[in-house]
Amino acid sequence: MTDQTNALRRLPSVGKLLATADVKQLVERYGSRRVVAEIRAEIEHHRQRLRSAVAPEEPPTVPQFTQWLRQRLRLREESTVLRPVINATGILLHTGLGRAPLATQAVEAIAEIARGYASVELDLAAGERGQRMRSVEDLLCELCGAEAALVVNNNAAATMLALAALAKDGEVVVSRGELIEIGGQFRLPEIMAASGAVLREVGTTNKTRLSDYAKAIGDRTAALLLVHPSNYAVVGFAQQVPLADLVALGRRCELPVIHDIGSGALVDFAQFGFRDEPLASRSLDQGADVVLFSGDKLLGGPQCGVILGRRGLVDSLAQHPMARAMRVDKLTLAGLAATLKLYRDPEGAMMNIPLLRLLNTPVDELRGRANAIALATQSVREVQHVEVVDDQSFLGGGSVPAQQQATVCVAITPRTIGLDRFARALRTSDPAIVGRIRQDRLLLDLRTVFPEQDAQVVEAVRGLEP
Ligand SMILES: *Cc1c(COP(=O)(O)O)cnc(C)c1O
């Protein structure tokens, strides 16, 4: 027998490992299925290593093996379980970080409903089966001035449902300048294709005129679609058709106008310096028949897609079989209703909705906090240099200049460990801290950090001492 075969035979077996006290503990924590799978993977790793070794090598001892197993399980757990993150990226609606943080009122409403049973489809006064979303829909109508409302899983679902219900097998006219990719594989043309509607592209990337829409309308036309491209802009020699003009054309041709406004602002974001963010109520006022937006963007609520519009059209969406496949759960309904209630008092909304509070923080306040963090971290050995710098925050991942806002950052140059490892160390601290790398520095943007998290940021940087 060769040394290699001998070494392979002396690898600990699954059964032997499972019998040890240490591994039994791991089984209690992670479950036997997970542990056995990782033991097998670890054994396979050593088999490969021993087989391909040039010189004979020793197989790991049981304690060594257990140590590696423990690490494997921990890493696996960290990469699969959601962990809280301090968002120092400056991107307010970061899809990778879960978009809008919820208001305390929404969190409490969700917790209360999650803990027990709830009147999801029961009208308590009448003691009869009730409508699933009555109260949320009433709130949406009240706040936005809509005739009817419907809530689905997200805005992609809302778009798909609207097209499937109103335009299946028919044509939907849309400008080439609006056939966008939102990110995360949301490509408008693909969603449209999946809904069964046929895309009728008009105009060019930079210019589309009302006459382009008018010329494309024929027997098969089922709807006109206007999309607000929130993550990019065509500037310079560009022209888009205003909603009101498209509505007038729709009326003349008896075609519904669907307006996907994307971010779904319920208050005017011009007050934060963001121009061109369409307001749901304004879109309805201008005559859009169906308005679509996300609940977890500018509204600051849970992930969902909001559909507002004319009663008859919204009803036909609600009755479409696909609506059942896209329906939201009780937790979303509870969180959305609680968030919407905050908008009844616009000043209260500014204070209580985290996204609005972050946007509303004066730059001087950010600067004061940045100075304090810089002062508290400048003596950390791993910090070569820390400086407070003015910069721009972004509304979303692909924000255009119209969606940027002045901010203040703490800019750190690490001393020995290199920028990537420095950033990684903060990302893997507890809670995780994610900043943005700019040239040779890590920027911690305070626009997206809550004041109560400042101390944790300082502590994490101090924790980098070797
Ligand atoms: C974000 C966005 C979507 C997708 O919304 P989800 O809620 O992420 O599904 C669709 N259309 C526009 C214009 C958007 O900005």
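Quick look at the structure, then. (Residues numbered from 1 in each chain as written. Predicted model: local features only at pLDDT ≥ 70, side-chain atom pairs only at ≥ 80, totals over all residues. Heavy atoms only, no water.)

**Quick word on the overall build of the chain**
Scanning the chain for helices and strands turns up 20 helices and 18 strands. C-alpha atoms of the chain, sized along the principal axes, occupy 85 × 55 × 50 Å. Looking at the 466 residues of the chain, the share that counts as buried comes to 48%. By sequence separation, contacts in the chain at least 24 residues apart represent 74% of the contacts at least 6 residues apart. Element-wise, carbon and sulfur atoms account for 49% of the exposed surface of the chain, whose accessible area totals about 23,000 Å². Charge centroids of the chain, computed over 54 positive and 54 negative side chains, lie 7 Å from each other. (Helix = DSSP H or I, 4+ residues; strand = E, 2+ residues; numbered from the N terminus. Buried < 20%, exposed > 50% of the residue type's maximum accessible area, 1.4 Å probe, protein only. Contact = heavy atoms within 4.5 Å. Areas by Shrake-Rupley, 256 points an atom, 1.4 Å probe, with all protein chains shown as cover. Lys, Arg positive; Asp, Glu negative; His and termini not counted. Charge placed at Lys NZ, Arg CZ, Asp CG, Glu CD.)

**Side note on the pattern of salt bridges**
A side chain of one charge can pair with a side chain of the opposite charge when the charged atoms of the two come close. Scanning the model with the defined rule gives 30 salt bridges in all. Glu-42 is the partner of Arg-72 in a salt bridge, and the nearest nitrogen-oxygen pair spans 2.4 Å. Taken together, the residues Arg-72 in helix H5 (residues 62-80) and Glu-42 in helix H4 (residues 32-52) connect sequence positions 30 residues apart. Note on Arg-72: relative accessible area 26%, which makes it partly exposed. Here Arg-251 and Asp-289 are joined by a salt bridge, their closest N and O atoms 3.5 Å apart. Here Arg-251, found in helix H11 (residues 243-253), pairs with Asp-289, found in the loop between helix H12 (280-285) and strand S12 (290-294); they are 38 residues apart in sequence, far enough to count as distant. Here Asp-289 falls in the buried class, since its relative accessible area comes to 4%. (Salt bridge = Lys/Arg side-chain N within 4 Å of Asp/Glu carboxyl O.)

**Notes on the state of the cysteines**
Enumeration according to the criterion identifies 0 disulfides in this entry. Cysteine Cys-141 remains unbridged, with the sulfur of Cys-144 as its closest cysteine sulfur at 8.1 Å. (Disulfide = S-S within 2.5 Å.)

**Focus on the side chain of Gln-403**
Counting through the fold element by element, Gln-403 comes out in the loop between strand S14 (383-396) and strand S15 (404-414). Exposure remark for Gln-403: the relative accessible area of 6% places this residue in the buried category. Only 2.8 Å separates the side chain of Gln-403 from the side chain of Glu-277, close enough to count as a polar contact. Sequence-distant contacts of Gln-403, defined by excluding residues within four places in its chain, comprise Ser-230, Phe-274, Glu-277, Ser-393, Phe-394 and Leu-395. (Polar contact = N/O pair within 3.5 Å; in protein donor to acceptor, adjacent residues only side chain to side chain.)

**A look at helix H7 (residues 134-144)**
Buried within H7 we find Val-136, Glu-137, Leu-139, Leu-140, Cys-141 and Cys-144. Turning to H7, the residues buried within the fold contact strand S5 (148-152), H12, strand S13 (305-309) and helix H15 (330-342). Two residues or fewer past H7, Gly-145 is found with a positive phi of approximately 70°.

**Some words on the site of the ligand**
Near the ligand you find 13 residues, and of these Arg-99, Ala-156, Asp-260, Ser-294 and Lys-297 are the closest. Within the backbone of Asn-155, a nitrogen or oxygen atom sits 2.9 Å from an oxygen atom of the ligand. Taking Asp-260, its side chain carries an N or O atom lying 2.7 Å from a nitrogen atom of the ligand. Bound to the protein, the ligand loses 94% of the 380 Å² it would expose on its own. Elements supplying a minimum of two residues to the shell around the ligand: helix H8 (155-167) and strand S11 (257-262). (Near = heavy atom within 4 Å.)

**A look at H8**
If you check H8, its first and last C-alpha atoms are 17 Å apart, about what 13 residues at 1.5 Å a residue would give, namely 18 Å. Within H8, 11 of the 13 residues are buried, which leaves the element mostly enclosed by the surrounding structure. The distance from a side-chain oxygen at the start of H8 to the backbone nitrogen of Ala-156 is 3.3 Å, and the residue carrying that oxygen is Asn-154. One or two steps after H8, the chain reaches Asp-169, where phi turns positive at roughly 65°. (Expected span 1.5 Å × (residues − 1).)

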